[in-house]
Amino acid sequence: MVRGRVLKLSTSLIYQHKRSKGFKRWVTFIALGFGVTGVGCCYYYSEHYYHTELSNEYFTKYRISYKKDIDESHFLLELTPLKPQRTNLWSAMASYNLWSVEVKQPDIMVVRRYTPLPLEVDTVNDKLEVLKDGYNANGKLLFYIKNYENGEVSKWLRRLPTDRTIEVRGPYVDYEFPRDDHEVKRSRSFLWEQDDSGFAERFNHQPFDISMFTAGTAIVTALQLLLTEDPFKGKIQLFHSCKDIQELGPLIKFLYLCEQKKRLQLHMFESSKGNSIRYDASKIEPLISRPCSYVGSTPFTSIEDSIKPVASLVCGPDGYITTISGMKYDLAQGPICGLLGSKGWNNFNVYKL
Ligand SMILES: Cc1cc2nc3c(=O)[nH]c(=O)nc-3n(C[C@H](O)[C@H](O)[C@H](O)COP(=O)(O)OP(=O)(O)OC[C@H]3O[C@@H](n4cnc5c(N)ncnc54)[C@H](O)[C@@H]3O)c2cc1C
């Protein structure tokens, strides 16, 4: 009888042991399942959401999808994000913000700003196309860049092969115009060479005009305002200095289209043709308008033929900024002197970028 009890006990112990072994196996299996799912979720999150949307708080990875030399110092660079961008910065910024992004040079850990243009490369025909309203080409960014002989980042960028991954952060707003949320969107159909000659433009409010003074690649600031979705509503009087207009490559066409549409009044100063602001300021002085007063938001009347600039933006190397508008001290604007100073412009209506 005692033997029978012992046998029963040992059988139940073995059973319990077996059961607890099975239980342990189940627990391990479930824990492993949770672990694998957790790791999978983290991987999916990091791949699809984390650090994939462009932000100025971290770097996002982009691939060099196109690079084309214009001449020995200028090239076009197209970056495609590794993950398509959900935010359409062209719709969000429109022409109310001039914006740029920072590109990181990882070997020396420095960043430089570059100003994207709302263009994408049509690889079949090897030409530039303006991005249509509501379309962001999945977040592609196209840049016009000058490489400097001793330039840390521009020279490095020019040498990188296509398909190389680089890191970008932004966007950074470099200048902000007053935003009018009750204004109608401006059409850009002429940029696709569509005939809109029968269409008379009307706005809710009277647009204001500006003057821009750019040198070299700084022309991208004017091009961004002219080509972006809902482009600048007023006229832009642009004084551009460069060695030769040909250094703009395929971008020249867009300037001429805007000029034909009377959205742009272009004054070119090409040093290779002996036409330089630096050496002959008297050539440009008579062309510069005096500042007109900004009267704020008034009902639309008409689009006039004349240009009445209420603000001037000056963008280029330090020496150029000094000639046009007086010295800029790092982040401080400094007093308005130079050519603009002599024409009555001041710190209320001039901004040195
Ligand atoms: C808001 C913003 C937007 C910009 N957008 C663009 C853009 O779209 N395309 C573009 O090409 N550049 C743009 N730049 C200029 C760009 O950020 C770099 O300054 C430029 O590429 C030179 O950097 P680097 O590292 O190659 O040269 P660095 O190592 O900084 O300088 C090397 C040498 O080049 C000289 N140098 C540097 N910059 C200039 C200049 N602008 N003019 C004359 N000499 C210079 C320096 O004096 C130095 O001797 C922008 C700058 C700002 C602030």
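Conventions and cut-offs
Residues numbered from 1 in each chain as written. Predicted model: local features only at pLDDT ≥ 70, side-chain atom pairs only at ≥ 80, totals over all residues. Heavy atoms only, no water. UniProt positions renumbered as here; feature names shortened; annotations may be inferred. Domains from an automatic or database assignment. Contact = heavy atoms within 4.5 Å. Buried area = accessible area lost by both parts, 1.4 Å probe. Salt bridge = Lys/Arg side-chain N within 4 Å of Asp/Glu carboxyl O. Polar contact = N/O pair within 3.5 Å; in protein donor to acceptor, adjacent residues only side chain to side chain. Helix = DSSP H or I, 4+ residues; strand = E, 2+ residues; numbered from the N terminus. Buried < 20%, exposed > 50% of the residue type's maximum accessible area, 1.4 Å probe, protein only. Pairing = 2+ DSSP bridges. Axes fitted to C-alpha atoms, helices over the stretch in contact; angles between N-to-C directions. Near = heavy atom within 4 Å.

- Note on the protein chain: under the UniProt heading Subcellular location (unreviewed entry), the record states "Membrane".
- Under the heading Cofactor (unreviewed entry), UniProt records this for the protein chain: "FAD".

## Some thoughts on the domain arrangement of the protein chain
Part 1: Each assigned domain of the protein chain is listed with its residue range as follows: domain 1 (60-176) and domain 2 (198-352).
Part 2: One C-alpha centre belongs to domain 1, the other to domain 2; they are set 23 Å apart.
Part 3: The interface of domain 1 with domain 2 comprises 28 residues on the first partner and 23 residues on the second.
Part 4: For the domain 1 and domain 2 pair, buried surface summed over both sides reaches about 2,200 Å², with 66% attributable to carbon and sulfur atoms.
Part 5: Among the residues of domain 1 in contact with domain 2, Ser-95, Leu-98 and Tyr-144 are the three that bury the most area, contributing 28% of the side total.
Part 6: Taken together, the links from domain 1 to domain 2 amount to zero salt bridges.
Part 7: Taken together, the links from domain 1 to domain 2 amount to eight residue pairs in polar contact (both at pLDDT 80 or more).
Part 8: Going through the elements one at a time, β2 (74-81), α2 (89-93), β3 (97-105), β6 (127-130), β7 (141-146) and β8 (165-176) are the ones with two or more residues in the side of domain 1 that touches domain 2.

## Some details on the side chain of Glu-270
Part 1: The topology assignment puts Glu-270 in strand β11 (residues 264-270).
Part 2: Of the residues examined, Glu-270 reaches a relative accessible area of 11% and is grouped as buried.
Part 3: For Glu-270, the side chain forms a polar contact with the main-chain nitrogen of Ile-245, separated by 2.8 Å.
Part 4: Non-local contacts of Glu-270, meaning those with residues more than four positions away in its chain, are made with Cys-242, Lys-243, Asp-244, Ile-245 and Asn-275.

## Description of the sheet that holds β11
Part 1: Taken in spatial order, the five strands of this open sheet run β11-β10-β9-β12-β13, and their pairing is parallel. Since the sheet does not close on itself, it has two edges, and those belong to β11 and β13 (350-352), each with one partner. Adjacent strand axes in the sheet meet at a mean angle of 15 degrees when their direction is disregarded.
Part 2: When strand β12 (residues 309-315) meets β13, the two strands line up parallel, connected through three bridges. Looking at the pairing, Leu-313 lines up with Tyr-351 of β13.
Part 3: Taken strand by strand, helix α4 (residues 219-227) contacts β9 (209-215), β10 (236-242), β11 and β12, and its axis lies near 145 degrees from that of β9.
Part 4: Contacts from helix α5 (residues 252-260) reach β10 and β11, with the element oriented near 135 degrees to β11.

## Quick word on the side chain of Arg-188
Part 1: By the secondary structure assignment, Arg-188 is in the loop between β8 and β9.
Part 2: Of the polar contacts made by the side chain of Arg-188, one reaches the side chain of Asp-133; its length is 2.6 Å.

## A short note on the pattern of salt bridges
Part 1: One pass over the structure, following the stated rule, counts 20 salt bridges.
Part 2: Across the salt bridge formed by Asp-133 and Arg-188, the nearest N and O atoms sit 2.6 Å from each other. Residue Asp-133 is located in the loop between β6 and β7, and its partner Arg-188 is located in the loop between β8 and β9; the two are separated by 55 residues in the primary sequence.
Part 3: Judged by relative accessible area, which is 2%, Arg-188 ranks as buried.
Part 4: The partner of Glu-201 in a salt bridge is Arg-263, and the shortest N-O contact between them spans 3.3 Å. Taken as a pair, Glu-201 in the loop between β8 and β9 and Arg-263 in the loop between α5 and β11 lie far apart in primary sequence, 62 residues in all.
Part 5: On the accessibility criterion, Glu-201 (22% relative accessible area) is partly exposed.
Part 6: Taken together, the salt bridges that share partners define one network made up of Glu-102, Arg-113, Arg-169 and Asp-174.

## Things to note about the site of the ligand
Part 1: In the vicinity of the ligand, 18 residues are found, and the nearest of them are Arg-112, Arg-113, Tyr-114, Tyr-148 and Ser-154.
Part 2: Residue Glu-152 places a main-chain N or O atom 3.0 Å away from an oxygen atom belonging to the ligand.
Part 3: Between the ligand and Ser-154 there is a distance of 2.5 Å, counted from an oxygen atom to a side-chain nitrogen or oxygen.
Part 4: For the shell around the ligand, the elements supplying multiple residues, two or more each, are β4 (110-114), β7 and α3 (152-159).
Part 5: Built from parts of two domains, the shell around the ligand gets at least three residues from each of domain 1 (60-176) and domain 2 (198-352).

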